[in-house]
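Here's the letter readout for the chains.
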Amino acid sequence: MLIKRSPDIRSSEITPKEIYLNRRRFLAGLPLVGAGLISVSEAHAAKLVAAKSPLSTTSEKVSSFEDATTYNNYYEFGTAKDQPAQNAHTLKTSPWQVSVEGEIAKPKVFDIDAIMKMAPLEERIYRMRCVEGWSIVVPWIGLPLSALIKQVEPTSKAKYIAFQSLYDRKQMPLSDRAGIPLPYVEGLRMDEAMHPLAILCVGMYGETLPNQNGAPVRLIVPWKYGFKGIKSIVKIRFVEKQPPITWNIAISREYGFYSNVNPAVDHPRWSQATERRLGEFRKRDTLLFNGYGDQVASLYAGMDLKKNY
Amino acid sequence: MLLTRRWTKVVVFLLCLAPVAVVGWAGYNDKLGANPIEYITHATGDWTLRFLCITLAITPLRKLLKLADLIRFRRMLGLFAFFYGCLHLTTYVWLDKFFDWPEIVKDIAKRPFITAGFTSWILMLPLAVTSTTGWIRRIGGKRWRALHRAVYFSAIAGVVHYYWLVKSDVRKPVMYGTIVGVLLLLRIALSIKDSRKAAPRPAMIT
């Protein structure tokens, strides 16, 4: 076989020195410009160092930061998609404490800093499918929920975990119009909570969470509809019985405790067979367990997923 | 009188097109947010309901403000309600469902909020078709007026469509419902008043 040598570089192709020096000066200036922009829009955003995780979904294009931070459901800050980004600046995320209590050997109130140090932070790129029929792909940063669970030593009575969001009408002046009972509450079965894909999320896109995305700490359970990912958590309670969850209290016929992503089980008012990935024109097929079936389907073996919606 | 001037109709016509221009311009500049199709769906739906309300307000306003000439604009405004309804339906059929007809038929049959929305549009269809002077003559004024009362049912179906669609915050659909309800009551009250006035008059021979 003949191996062709690439021809020597022609002198005309060599970048003159002053131009490449200019480029460097230009690039050196960029971080400052970028940081300036961030400080206007995200006053509290701080860089986070996180290791890449093998559990990330790397086969799909990550959604833009813009889409992920301006199209949000956070009813405490308004029910329109663009309202949380406009209004959540009133949320005070520091100091922040999370009370961990219930059926555990070591109940404790943790500072947010302590939670962030419970395990090394990881970047987890996950699909996120909203029950409303749209989806995004987000590089979350967080730690396995199991790390916290192990630390507080659940008793044999701990069968479920109940989560509660901050509810402060002073910080959330629009919360009276949310149309759902508050504070927002969510829950997981213990084996769901222990699953390696379930994370306590403290950041996204290399930074701490923007307020509208649930700062300073939220839940991410990628195989479930987005509303299971409770935001701005202040309380985690280990309980024996299945805890109530907000959307089920609001409209029980439409939103169940499990709320696993399932294209075969329609929302009573709309189909869940397809979804619109933000930034795409045509809808795409929704995947069972949001595409994480290989990892999580065994949690629901023998369960009727239509009944346990 | 200003309302009888020809150019006022042109001005109103152009104003009625303003929402298309605003959304079109925003779309051209990529300012429709993270979910442009949803934005367009909501905008066209909102404007259908708004134009239905505006159209329904014409007769009560004519009588209450004694501005009989407002009638010149009613047909155009009603047709704009239909126009925005068509844009809304097109957005759903094309941008949302991408002409997946089996899925669309299933939606209309199975999903109450889509059934209501489709009903609202269907009810507007014969009214749009028979909106010309020729059709009024052909059907006869009395029957034509009876037929065109269907616009109230269209508006009510439109409000129900909106109410059934929202997840929890029902303020906006309730607001539209209140407006349509008030306009309907006004219309009933005014027609009772008119019939009382008209009653002693002898029947006209034509």
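Residues numbered from 1 in each chain as written. Chains lettered and ligands numbered in written order. Predicted model: local features only at pLDDT ≥ 70, side-chain atom pairs only at ≥ 80, totals over all residues.

**Thoughts on the overall build of chain B**
Stated formally: Where helices and strands are cited, they refer to DSSP runs of H or I of at least four residues and of E of at least two residues respectively, numbered from the N terminus. Residues are defined as contacting one another if the C-beta atoms placed from their backbone atoms lie within 7 Å.
When its secondary structure is counted, chain B shows nine helices and zero strands. The N-to-C order of helical and strand elements in chain B reads α-α-α-α-α-α-α-α-α. Overall size of chain B, expressed as C-alpha extent along the three principal axes, is 60 × 40 × 35 Å. Counting contacts in chain B only where the partners sit at least 6 residues apart, residues at least 24 apart contribute 67% of the total.

**Notes on the interface of chain B and chain A**
Put simply, the rule is: Amino acids are sorted into nonpolar (Ala, Val, Leu, Ile, Met, Phe, Trp, Tyr, Cys and Pro), charged (Asp, Glu, Lys and Arg) and polar (every other residue, Gly among them).
Listed by partner, the interface residues are 12 residues for chain B and 16 residues for chain A. Of the residues assigned to the side of chain B that touches chain A, the class counts are six nonpolar, three polar and three charged.

**Thoughts on the environment of Y184(A)**
All names here are of chain A. With respect to the element layout, Y184 can be found in the loop between β6 (160–165) and β7 (185–189). Residues Y184 and Q164, spaced 20 residues apart in sequence, show a C-alpha to C-alpha distance of 5.9 Å. Beyond its immediate stretch of four places on either side in the chain, Y184 contacts S165, I230 and T246.

**What to know about the pairing of strand β12 (residues 274–277) of chain A**
Residue and element names in this part refer to chain A. The condition that has to hold: Pairing between strands requires that DSSP locate at least two bridges from one strand to the other.
Two elements, strand β5 (residues 134–144) and β12, share two bridges in a ladder whose sense is parallel. Across the sheet, W134 pairs through a bridge with R276, a residue of β12. Bridging between β12 and strand β13 (residues 284–285) involves two bridges; their strand directions are antiparallel. Each bridged residue has a counterpart across the sheet, and for E275 the counterpart in β13 is R284. Hairpin connection, β12 to β13: the antiparallel pair is bridged by six residues, and G279 has positive phi, about 95°.

**Some remarks on the pairing of strand β8 (residues 199–204) of chain A**
Residues and elements named next belong to chain A. Formally: Here exposure depends only on C-beta density: within 10 Å of a residue's C-beta, 20 or more other C-beta atoms make it buried, 12 or fewer make it exposed, and intermediate numbers make it partly exposed, the C-beta atoms being placed from the backbone.
Burial runs high along β8: six of the six residues are buried. Relative to β8, β5 runs antiparallel, the two being bridged by five bridges. Bridging across to β8, G142 finds its partner in C201. The pairing of β8 with strand β10 (residues 218–220) spans three bridges and is antiparallel. Among the inter-strand pairings, L200 is bridged to a residue of β10, identified as L219. Where β8 lies against strand β9 (residues 207–208), two bridges are found, and the strand directions are antiparallel. Looking across to β9, one finds that M204 is bridged to E207. Between β8 and β9, which follow one another and run antiparallel, lie two residues, and Y205 among them has a positive phi close to 50°.

**Some words on the sheet that holds strand β2 (residues 97–102) of chain A**
Sheet strands pair by backbone hydrogen bonding; their relative direction is either parallel or antiparallel. Residues and elements named next belong to chain A. Stated formally: Fitted lines through C-alpha atoms give the axes, limited to the stretch in contact for helices. The angle between two N-to-C directions lies from 0 to 180 degrees.
The strand order across the open sheet formed by five strands is β3-β2-β11-β6-β7, and the pairing between neighbours is mixed. Each edge of the open sheet is held by one strand with a lone partner, namely β3 (108–111) and β7. In this sheet, neighbouring strand axes are inclined to one another by 20° on average, regardless of whether the strands run parallel or antiparallel. By the bridge criterion, five bridges tie β6 to β7 in an arrangement that is antiparallel. Counterpart to Q164 in the pairing with β7 is V185.

**Quick look at the environment of V98(A)**
With respect to the helices and strands, the residue V98(A) is situated in strand β2. Excluding residues that lie within four positions of it along the chain, V98(A) makes contacts with F110(A), I115(A), V217(A), I233(A), V234(A), K235(A) and I236(A).

**Description of the nonpolar core**
In plain terms, the rule: When buried Ala, Val, Leu, Ile, Met, Phe, Trp, Tyr and Cys residues are joined through C-beta atoms within 7 Å, the set is termed a nonpolar core.
With 68 residues, the main nonpolar core has L200(A) and C201(A) as its most contacted residues. With seven residues, the top contributor of residues to this core is β5(A). Not counting the four nearest positions on each side in its chain, C201(A) is found in contact with W140(A), I141(A), G142(A), L209(A), V217(A), R218(A), L219(A) and I220(A). Judged by nonpolar contacts, the second largest core, of 27 residues, contains W47(B), A81(B), V159(B) and L183(B).

**Some details on unusual backbone geometry**
Note the cis peptide between S94(A) and P95(A), where omega equals 0°. Considering the arrangement of structural elements, one finds P95(A) in the loop between α3 (83–87) and β2. Here N290(A), not a glycine, exhibits a phi torsion of approximately 55°, which is positive. Within the fold, N290(A) resides in the loop between β13 and α8 (293–296). At F98(B), a residue that is not glycine, the phi angle is positive and equals roughly 45°. Structurally, F98(B) can be placed in the loop between α3 (71–96) and α4 (101–110). The class for F98(B) is partly exposed, based on 13 C-beta atoms found within 10 Å.

**Focus: the packing of helix α8 (residues 150–165) of chain B against helix α9 (residues 171–198) of chain B**
Residue and element names in this part refer to chain B. Worth spelling out the cut-off: Under this scheme an angle from 65 to 115 degrees is roughly perpendicular, one under 35 degrees roughly parallel, and one over 145 degrees roughly antiparallel; angles in between are oblique. By convention the crossing between two helices is left-handed if the near helix lies anticlockwise of the far one by an angle smaller than a right angle, and right-handed if it lies clockwise.
Taken N-terminus to C-terminus, the directions of α8 and α9 make an angle of 165°; their axes are 9 Å apart at the nearest point. Judged on the interaxial angle alone, α9 and α8 are roughly antiparallel. In terms of crossing hand, the pair formed by α8 and α9 is left-handed. Counted together, Y152, A155, I156, V159, Y162 and Y163 of α8 and P173, Y176, G177, V180 and L184 of α9 form the full contact between these two elements. In the contact of α8 with α9, the residues fall into 10 nonpolar, one polar and no charged.

**As for the confidence of the model for chain A**
Low-pLDDT stretches of the model should not have their predicted coordinates read in fine detail. Our working definition: A score from 0 to 100, pLDDT tells how confident the predictor is in each residue.
Chain-level pLDDT for chain A is 90 on average; 86% of the residues reach the 70-or-more range. Of the regions scoring below 50 in pLDDT, residues 23–42 of chain A engages in two contacts with residues more than four places distant in sequence or in other chains.

**A few points about the environment of T8(B)**
All names here are of chain B. Residue placement: T8 occurs in helix α1 (residues 6–28). Taking the number of C-beta atoms within 10 Å as the measure of exposure, T8 has 15 and is therefore partly exposed. Residues T8 and F73, spaced 65 residues apart in sequence, show a C-alpha to C-alpha distance of 9.3 Å. Those residues in contact with T8 that sit more than four places away from it in its chain are L2 and L3.

**Focus on the packing of helix α2 (residues 36–65) of chain B against α9(B)**
Residues and elements named next belong to chain B. Look at α2 against α9: their axes get within 10 Å of each other, and the N-to-C directions meet at 25°. Considered as vectors, α2 and α9 are oriented roughly parallel to each other. Between α2 and α9 lies a crossing whose hand is left-handed. Contacts between α2 and α9 involve L49, C53, L56, A57, T59, P60 and K63 from the first element and Y176, I179, V180, L183, L186, R187 and L190 from the second. Grouping the constituent residues of the contact of α2 with α9 by class yields 11 nonpolar, one polar and two charged.

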